[in-house]
Amino acid sequence: MIFDRFAEGLEALEKTSGRIDLAKGLSNLLLDLSPDETAKALYMVQGQLMPSFAGEPMGMAGSLLLRAIGRALETLKSPLSEADLKERLAATGDPGLLAESLLPSGERPPVSLAEVYDRLLAISRLSGAGSQEDKILHLSRLLADVSPLSARFVGRFVMGRLRLGVGDATILDALVQTEVPASDDGTARKAERKKVREELEGAYNLCSDLGRVGAVLREEGRAGIRKISPMVGYPVRMALCERLGSGEEIVEKIGRAAVESKYDGFRCQIHVDGKVSRLFSRNLEETTAMFPEIARAAVEIFAGRSAIFEGEALGYDAENDSYHPFQVTITRKRKHNVLEKSSEIPLKCLVFDILYLDGVSLMERPFSERRKILEGLFPVRVRGIADRELPPEGVFGASRLIVTEDPHEVDLFFDEVVEEGFEGVIAKRLDGVYAAGSRNFNWIKLKRSYKSALSDTVDLALIGYYRGKGLRTKLGIGAVLGAVYDPGTGEFQSVARIGSGLSEEGWRDLRAILEELRTEGPPAGVVSGLVPDFWVRPTVVVSVLADELTRSPTHRAGRREGEEEGFALRFPRMVSGPRGDKRAEDATTADELRRLYEIQRQRLSGKGGEGG
Ligand code: AMP
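Residues numbered from 1 in each chain as written. Predicted model: local features only at pLDDT ≥ 70, side-chain atom pairs only at ≥ 80, totals over all residues. Heavy atoms only, no water.

1. Structural notes on the overall build of the chain
Here's step 1: Secondary structure assignment for the chain yields 20 helices and 22 strands.
Here's step 2: Computed over its C-alpha atoms, the radius of gyration of the chain comes to 26 Å, within 12% of the 25 Å expected for a compact globule of 612 residues.
Here's step 3: Along the first, second and third principal axes, the C-alpha atoms of the chain reach 80 × 60 × 55 Å.
Here's step 4: When the 612 residues of the chain are sorted by exposure, 53% land in the buried category. (Helix = DSSP H or I, 4+ residues; strand = E, 2+ residues; numbered from the N terminus. Rg over C-alpha atoms; globule rule 2.2 N^0.38 Å. Buried < 20%, exposed > 50% of the residue type's maximum accessible area, 1.4 Å probe, protein only.)

2. Description of the packing of aromatic side chains
Here's step 1: Throughout the structure, instances matching the rule amount to 18 aromatic pairs.
Here's step 2: The interplanar angle of 90 degrees and the centroid separation of 5.4 Å between the aromatic rings of Tyr-263 and Phe-422 together place this pair among those described as edge-to-face. Of this pair, Tyr-263 sits in the loop between strand E2 (257-262) and strand E3 (266-273) while Phe-422 sits in the loop between helix H18 (407-419) and strand E11 (424-429), and the two are 159 residues apart along the sequence. A single burial state applies to Tyr-263 and to Phe-422, both of which are buried.
Here's step 3: The interplanar angle of 45 degrees and the centroid separation of 5.1 Å between the aromatic rings of Phe-309 and Phe-378 together place this pair among those described as tilted. Of the two residues, Phe-309 sits in strand E5 (residues 306-317) while Phe-378 sits in the loop between helix H17 (367-377) and strand E9 (396-398), which places them 69 residues apart along the sequence. The same class applies to Phe-309 and to Phe-378, which are both buried.
Here's step 4: Counting every residue linked through ring pairs, the aromatic cluster contains Phe-302, Phe-309, Phe-378 and Phe-396. (Phe/Tyr/Trp six-rings, centres within 6.5 Å; stacked < 30°, edge-to-face > 60°.)

3. Describing the site of the ligand
Here's step 1: Taken together, 14 residues are adjacent to the ligand, and Glu-260, Arg-267, Glu-312, Lys-428 and Lys-445 come closest.
Here's step 2: Arg-282 places a side-chain nitrogen or oxygen 3.2 Å from an oxygen atom of the ligand.
Here's step 3: Those elements giving two or more residues to the shell around the ligand turn out to be E2, E11 and strand E12 (439-447). (Near = heavy atom within 4 Å. Polar contact = N/O pair within 3.5 Å; in protein donor to acceptor, adjacent residues only side chain to side chain.)

4. Some words on the pairing of E3
Here's step 1: With 7 of 8 residues buried, E3 lies mostly within the body of the structure.
Here's step 2: Two elements, E3 and E5, share 8 bridges in a ladder whose sense is antiparallel. Note on E5: the bridge partner recorded for Gln-269 is Glu-310.
Here's step 3: Here 5 bridges tie E3 to strand E4 (residues 276-280), and the two strands are oriented antiparallel to one another. By the bridge assignment, Ile-270 is partnered in E4 with Leu-279.
Here's step 4: Taken together, E3 and the strand that follows it, E4, pair antiparallel across an intervening segment of 2 residues, in which Gly-274 is found at a positive phi of about 60 degrees. (Pairing = 2+ DSSP bridges.)

5. Some details on the packing of helix H4 (residues 62-75) against helix H6 (residues 95-102)
Packed helices, taken two at a time, are described by the angle between their axes plus the distance between the axes.
Here's step 1: Two numbers describe how H4 lies on H6: the axes approach to 11 Å, and their chain directions differ by 5 degrees. With respect to their mutual orientation, H4 and H6 come out roughly parallel. On the side of H4, the interface is formed by Leu-65, Leu-66, Ile-69 and Leu-73, while H6 contributes Pro-95, Leu-98, Ala-99 and Leu-102.
Here's step 2: Tallied by class, the residues present in the contact of H4 with H6 amount to 8 nonpolar, no polar and no charged. (Axes fitted to C-alpha atoms, helices over the stretch in contact; angles between N-to-C directions. Parallel < 35°, antiparallel > 145°, perpendicular 65-115°, else oblique. Contact = heavy atoms within 4.5 Å. Nonpolar A, V, L, I, M, F, W, Y, C, P; charged D, E, K, R; others polar.)

6. Things to note about the pattern of salt bridges
Here's step 1: Scanning the model with the defined rule gives 49 salt bridges in all.
Here's step 2: With a shortest N-O distance of 3.3 Å, Glu-592 and Arg-439 are connected by a salt bridge. Of this pair, Glu-592 sits in helix H20 (residues 590-611) while Arg-439 is found in strand E12, placing the two residues 153 residues apart along the sequence.
Here's step 3: Since its relative accessible area comes to 3%, Glu-592 is described here as buried.
Here's step 4: The salt bridge partner of Arg-583 is Asp-586, with a shortest N-O separation of 3.9 Å. (Salt bridge = Lys/Arg side-chain N within 4 Å of Asp/Glu carboxyl O.)

7. Observations regarding helix H10 (residues 168-179)
Here's step 1: In this model H10 runs 17 Å from its N-terminal to its C-terminal C-alpha over 12 residues, within 8% of the 16 Å that 1.5 Å per residue would give.
Here's step 2: Of all 12 residues in H10, 11 are buried, a share of seventy percent or more.
Here's step 3: Listed in full, the buried residues belonging to H10 are Asp-168, Ala-169, Thr-170, Ile-171, Leu-172, Asp-173, Ala-174, Leu-175, Val-176, Gln-177 and Thr-178.
Here's step 4: Buried positions along H10 lie against helix H2 (19-31), helix H3 (35-45), helix H11 (190-207), helix H12 (210-227) and strand E14 (479-486). (Expected span 1.5 Å × (residues − 1).)

8. Digging into the environment of Phe-6
Here's step 1: With respect to the helices, strands and loops of the structure, Phe-6 is situated in helix H1 (residues 3-14).
Here's step 2: Residues Phe-6 and Leu-502 lie 496 residues apart in sequence; the distance between their C-alpha atoms is 44 Å.
Here's step 3: Once residues within four sequence positions are removed from consideration, Phe-6 is found in contact with Met-1, Leu-29, Ala-41, Met-44, Val-45 and Leu-113.

9. Description of the side chain of Asp-173
Here's step 1: Locating Asp-173 in the fold gives a position in helix H10.
Here's step 2: Reaching out from Asp-173, the side chain makes a polar contact with the side chain of Arg-197 at a distance of 2.6 Å.
Here's step 3: Beyond its immediate chain neighbours, meaning those up to four positions away, Asp-173 contacts Arg-19, Ala-23 and Arg-197.

10. Some details on the pairing of strand E19 (residues 541-545)
Here's step 1: Among the 5 residues of E19, 5 are classified as buried, and the element is accordingly described as predominantly covered.
Here's step 2: The alternating pattern of E19 places Val-541, Ser-543 and Leu-545 on one face and Val-542 and Val-544 on the opposite face, and all of these are buried.
Here's step 3: For E19 and strand E22 (residues 573-574), the ladder comprises 2 bridges, and the chain directions are antiparallel. Bridging across to E22, Leu-545 finds its partner in Arg-573.

11. Notes on the domain arrangement of the chain
Here's step 1: The domain architecture assigned to the chain consists of domain 1 (48-159), domain 2 (240-451) and domain 3 (458-608).
Here's step 2: Here the C-alpha centre of domain 3 lies 30 Å away from the C-alpha centre of domain 2.
Here's step 3: Domain 2 puts 11 residues into the contact, and the matching count from domain 3 is 13 residues.
Here's step 4: Between domain 2 and domain 3 the total buried area reaches about 1,100 Å² when both faces are included, carbon and sulfur atoms providing 42% of it. (Domains from an automatic or database assignment. Buried area = accessible area lost by both parts, 1.4 Å probe.)

12. Looking at the packing of H10 against H11
Here's step 1: Taken N-terminus to C-terminus, the directions of H10 and H11 make an angle of 130 degrees; their axes are 9 Å apart at the nearest point. As judged from the angle between their axes, H10 and H11 are oblique. Of the two possible hands of crossing, H10 and H11 adopt the one that is right-handed. Seen from H10, the contacting residues are Asp-168, Ala-169, Leu-172, Asp-173, Leu-175, Val-176 and Glu-179; seen from H11, they are Arg-193, Val-196, Arg-197, Leu-200, Glu-201 and Tyr-204. (Left-handed = near helix turned anticlockwise from the far one by under 90°.)

13. Details of the environment of Ile-345
Here's step 1: Tracing the sequence through the fold places Ile-345 in the loop between helix H16 (338-344) and strand E7 (347-357).
Here's step 2: Residue classification places Ile-345 among the buried residues on the basis of a relative accessible area of 5%.
Here's step 3: Taking the C-alpha atoms as reference, Ile-345 lies 7.6 Å from Thr-329; in sequence the two are 16 residues apart.
Here's step 4: With residues up to four places along the chain from it excluded, the contact list for Ile-345 reads Glu-293, Gly-315, Tyr-316, His-324, Val-328, Thr-331 and Arg-332.

14. Thoughts on the nonpolar core
Here's step 1: By size, the foremost hydrophobic cluster in this structure holds 91 residues, and its most contacted members are Phe-6, Leu-120 and Leu-143.
Here's step 2: The residues that make up this core include at least three from each of domain 1 (48-159) and domain 2 (240-451).
Here's step 3: Sequence-distant contacts of Leu-120, that is, excluding residues within four places in its chain, are made with Met-44, Leu-49, Met-58, Leu-142, Val-154, Phe-157 and Val-158.
Here's step 4: Of all hydrophobic cores here, the second largest spans 31 residues; its members include Val-458, Leu-514, Val-542 and Phe-567. (Core = buried A, V, L, I, M, F, W, Y, C linked by side-chain atoms within 4.5 Å.)

This is the structure in C-alpha cells:
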C-alpha cells in the first residue's frame, strides 16, 4: 500500500470515536494490506515500530522534528527561519499539523507503507556521535517525500504523539472482522466471531506481539493462529491473581490447594536457550540488563537446555540471611551502575512456575505437574507452616508452599508468612493451567489488608484532571479522575475523583505528566459520569486507598446492563504517584471491584451480627 493511502486511513480513524467503529475502520484498512504490511501497520497504529517488549521507542524531541521540517522546506525551496517555525508551532500546538500545513502538496513518486516503516526504523536505530544530525537529515527527506497529510502522521509518530485511541482490544476486534465481517446490526455470525476472538487473544497471550498475530492471520488464516505456541524470546502475557478474603473462601472456591508465600519484589519471566537468557518484567519490558546475576544463573542452571519460567526477585540481606523490604529491593531497578548495586544488594529469585521446557509447552499441564518439574530443577529449602523462610543458597530456589484443604491451615500459614514480613499468600488451584494474560481463580491472593474492612488499595488509570483551587491554584491541578478497566468491553470506567494523598511536589510532577496526555474531549473507550476540566489518554496508573466502596449514580465503574448505579470510592486518597510497572490495562478491573464490594459487604454484615 502507498503510505499516502495509509495516512488517509489514519485520518479516518482519528475522526472515529467509538470502539466498534474504530475496529470496523481498522479492519477495512487491514483488508488492503499484505501480511508483511499488516505487522508494520499494526505496530504503527499503536505508535510503535516493534512489539513493545522489543523496546524500539521512537520518541524524538520536538526540537529535532522542527529542524527536520525546516530542512525539508529548504530542500523544497521554501525556507522558513527557526524563529518563524517556533512561532507557528506555538500557534498550532501540534508539530504534525505544522508539518502538514507547511509542506507543499503536489505530484511525487509514491512511497510505500513498508518503505516509510523501514526508513523510520533506520532513523530510530541511528546512534552514536553525529546521529542527531543524521536523524534530522533522514527525517527531513522522508517528510519531503510524502504528502502533507502523511507528513502530519509521520511528525506525530516520531514524537510518540500518534493518539488514535486504538488499544489491544480494538486491534483484536479489527482482526476478527478481517476473518468474519460483522453485519451492521452486529448479530450475524456472532458466535463465530467470538470463537475467532478467543483464538486470536490466545495467540496474543502467548507471544505478546499483535503484529505477528496479524501477519500470521493474514498469511495462514486461523489454522496458523492455532499453531502459535510459546517461544523463547517472546514474553508470555502473565497470569494474574483474583482475590478472596479468607482461607475459608479459598477452600470453598478451589478445594485442596497449593498455598505459597507472596513475595513483594520484581516479577521475572525468564527465557533461556543455550547460552542466552532474557528477562521480562510483569508489564513485559525487558529487564535482562538490570538483573545480570539472574540472567547468568539461568544459563548455568539450564546448561544448554531451553526453558521459560517465572519467579519473584527479592533483594538479599546477607547480614540477616533474609530478604530486604520492597523499598530496598526497588533500588535495583536502575539502568546505570548495575554491577556496583548488584554486589551491594544481590538478588534471589523465588521460582513459582514453569511454562516451557526443552521445546515443549507446559502451560496446559496442571499446576501440580508443573510444580513437580519445577522442584526437580530448583532447590526447595523449607516446606510447612512452622519453619522460617530461608533464602536459597544460590540465586534460585522454589517458592515456599504448603498443600492443604483445611481453611484454618491456610489462615495459619497466612499469619506465619505475614509475621515474617511477607505480603500474604497466593493459593493455586492444583489442576489449574497457566492462564496466560488472564486473571482468574486459578491463582487467588489473600493479603493482610483484606482482613479489616476495605483497606486494600486499588490501582486506577487516570482519565482526567481538575484545575487546582485555593492553595492548589498555583499547582494547576487539584484532583484527578480515576477509572477501573473492563477488559470485556475495553472501557475505562470512572470510579473516583481523588484530591488527596500527594505532596505539593508530587502533584506538580503528576500535572506535568498528565499535561502531555491531554486530549480534546473524552478519549475513545472512556466512560465517566463526571466531566473533568481536562481529559487525558489513560496511561498513568496510581494506587488508591479508600474507606469504603459504595454504589453510586455518578460513577460508571462496574455498572451492568440494566443497572442504574456503578461503584464509587469513599474518601479516596493516592498512596503512590504514577506506577511505572503498570499499564492502564493493568488497572484494577470492574469485576475485581465488584468482588471487593462483595468482600466488604460480607465483612460488614459479619460485624453487624456480632454486635447484635
Ligand atoms: P498483585 O500484584 O498484588 O496482583 O499480586 C500478584 C503478583 O505477586 C505477581 O505478579 C507476582 O509478581 C507476585 N508474586 C509473589 N509471590 C508469588 C507467588 N508465589 N506466585 C505467584 N506470584 C507471586
